[in-house]
Amino acid sequence: MLPTIRQLQYLKLLAEHGAFGRAAEAAHVTQPTLSAGIQELERTLGAPVVDRARSGVILTPVGEEALRRATVILNEAEELVEAAKNAGQPLTGRFRLGVIPTIAPFLLPRALPLLRERFPKLKLYLREDLTQRLIAQLKAGRLDAALIALPFDMAGLEWAHVADDELLAALPANHPLAAQKATNPDDLERENLILLEDGHCLREHALSACRLNPPRAGAGEEPFAATSLPTVVQMVGSGLGVTFIPRMAVASGLTESAPVAVRPIAADHPAREIVVAWRAGSNRRAEGRLLAEVLKDA
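First, a word on what this report is: a plain description of the structure on this page. Because the structure is a prediction, the values reported are computed rather than measured.

What about the nonpolar core?
Of all hydrophobic cores here, the largest spans 73 residues; its most connected members are Ile-103, Leu-147, Ile-148, Phe-244, Val-276 and Leu-295. Residue contributions to this core peak at eight residues, all from strand β6 (residues 157–172). Excluding anything up to four places from it in sequence, Leu-295 contacts Leu-107, Ala-111, Leu-147, Val-162 and Val-276.

A short note on the packing of helix α5 (residues 104–118) against helix α11 (residues 285–297)
Following both chains from N to C, one finds α5 and α11 inclined at 120°, their axes separated by 9 Å at the closest point. In terms of their interaxial angle, α5 and α11 are classed as oblique. Of the two possible hands of crossing, α5 and α11 adopt the one that is right-handed. Facing α5, whose interface residues are Leu-107, Ala-111, Leu-114, Leu-115 and Arg-118, α11 presents Leu-291, Val-294, Leu-295 and Asp-297. Per-class residue counts for the contact of α5 with α11 are seven nonpolar, no polar and two charged.

A word on the pattern of salt bridges
Once their charged atoms are close, side chains differing in charge can pair, the charge on each being opposite to the other. Across all of its chains, the model carries 18 salt bridges by this definition. In this structure, the salt-bridge partner of Glu-16 is Arg-142, at a minimum N-O distance of 4.0 Å. One end of the pair, Glu-16, is in helix α1 (residues 5–17); the other, Arg-142, is in the loop between α6 (131–139) and β5 (145–150), with 126 residues separating them in the sequence. For Glu-16, a relative accessible area of 43% gives the class partly exposed. The class of Arg-142 is partly exposed, set by a relative accessible area of 42%. For Asp-144, the salt bridge identified is with Arg-96, shortest N-O distance 3.1 Å. Of the two residues, Asp-144 sits in the loop between α6 and β5 while Arg-96 sits in strand β3 (residues 93–99), which places them 48 residues apart along the sequence.

As for the layout of surface pockets
Where empty space is left in the structure can be found by rolling a water-sized probe over the atoms. Within this model, the largest pocket holds a volume of roughly 320 Å³. The wall of the largest pocket is formed by 16 residues, among which Gln-9, Lys-12, Leu-13, Leu-74 and Glu-78 lie closest to the centre. Elements represented by at least two residues in the lining of the largest pocket include exactly α1, α2 (20–27) and α4 (61–85). A per-element tally of the lining of the largest pocket places α1 first, with seven residues. Grouping the amino acids of the lining of the largest pocket by side-chain chemistry returns seven nonpolar, three polar and six charged.

Points about the packing of α1 against helix α3 (residues 31–45)
Between α1 and α3, whose axes approach to 9 Å, the crossing angle comes to 110°. Between α1 and α3, the angle is such that the two are roughly perpendicular. Contacts between α1 and α3 involve Gln-7, Leu-8, Tyr-10, Leu-11 and Leu-14 from the first element and Thr-33, Leu-34, Gly-37, Ile-38, Glu-40 and Leu-41 from the second. Split by residue class, the contact of α1 with α3 holds seven nonpolar, three polar and one charged.

With respect to the environment of Phe-106
As for its placement among the helices and strands, Phe-106 is situated in helix α5. When its relative accessible area of 6% is taken as the criterion, Phe-106 is described as buried. Between the C-alpha atoms of Phe-106 and Met-248, which are 142 residues apart in sequence, the distance is 6.2 Å. Other than its neighbours up to four places away in sequence, Phe-106 contacts Pro-101, Leu-229, Met-248, Ala-249, Ser-252 and Leu-254.

Some details on helix α9 (residues 229–237)
Every buried residue belonging to α9 is among Leu-229, Val-232, Val-233, Met-235, Val-236 and Gly-237, and all of these are buried. Of the residues one or two after α9, Gly-239 is the one with positive phi, at around 85°.

A few points about unusual backbone geometry
Cis rather than trans, the peptide bond between Leu-150 and Pro-151 has omega equal to 10°. Tracing the sequence through the fold places Pro-151 in the loop between β5 and β6. Positioned with a positive phi, His-28 is a non-glycine residue whose angle comes to about 60°. Examined against the element boundaries, His-28 turns out to sit in the loop between α2 and α3. Despite not being glycine, His-269 shows a phi value in the positive range, around 50°. Relative to the assigned elements, His-269 resides in the loop between β10 (260–263) and β11 (271–279). What makes His-269 exposed here is its relative accessible area of 53%.

Scoring rules and cut-offs
Residues numbered from 1 in each chain as written. Predicted model: local features only at pLDDT ≥ 70, side-chain atom pairs only at ≥ 80, totals over all residues. Heavy atoms only, no water. Core = buried A, V, L, I, M, F, W, Y, C linked by side-chain atoms within 4.5 Å. Buried < 20%, exposed > 50% of the residue type's maximum accessible area, 1.4 Å probe, protein only. Helix = DSSP H or I, 4+ residues; strand = E, 2+ residues; numbered from the N terminus. Contact = heavy atoms within 4.5 Å. Axes fitted to C-alpha atoms, helices over the stretch in contact; angles between N-to-C directions. Parallel < 35°, antiparallel > 145°, perpendicular 65-115°, else oblique. Left-handed = near helix turned anticlockwise from the far one by under 90°. Nonpolar A, V, L, I, M, F, W, Y, C, P; charged D, E, K, R; others polar. Salt bridge = Lys/Arg side-chain N within 4 Å of Asp/Glu carboxyl O. 1 Å grid on protein atoms, 1.4 Å probe; cavity = no way out; pocket = protein on both sides within 12 Å on 5 of 7 lines; lining within 4 Å. Points joined across faces, edges and corners; volume = space filled by probe spheres on them.

And the structure:
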């Protein structure tokens, strides 16, 4: 006897929702049906997969291992169905794409019309989030691909190159450094350096590319940080400090809304690499590469 796909789906939903009732609702079955499926799974494995407590359902060690393997099996099963549906028709039907916030508003407005024109049967579902969360969803099978920036830990993933996105210095328009044709990273480090909050990969890319240390504030103070690039630009335009900004954001007109001067950085290749990533061995590999080609044109 082997576990069925349905039983593995029940286990995954039970782990996600933490209660039989909510898991059954998500599975569109009755609670007794879901409970019977879990019990049959336990008989097949010869060990309990869940502990039933007042506070909810807790996976046993066997259940944790079963969930890990079930996630892989369910991902492959879903991709099998999508591949069969779309055989010979790449980028047809559902495609779940994650995008980081420092790319989405600048590249997607140009890319989406191209995708609609070239692949009219594509049903693209977009999710904007930070890199680490997108990669976690990618590995869990909740995304088919993700549009992210490197460098980043890409263990278990494959990817296709889209573009190198140069990092530029953004300064208040009346700042003395704005008189220079290019800005030295050491000069920027001596200023009030405004970066995105921890978790945004652009923060680490900028510091790494220019070999700078994270900004430090005075005693009892926090260094300036922001949650989005538009906020960073407004802070710079108000004279609060200087920052790094991707060329794609400048090309999209982001700096036109504030009195900001943009200058190249005098460093060795200060840039991030934009890629489309997918799970290693995924059946969506060819579509991921095709998507990267369209994004290159955009």
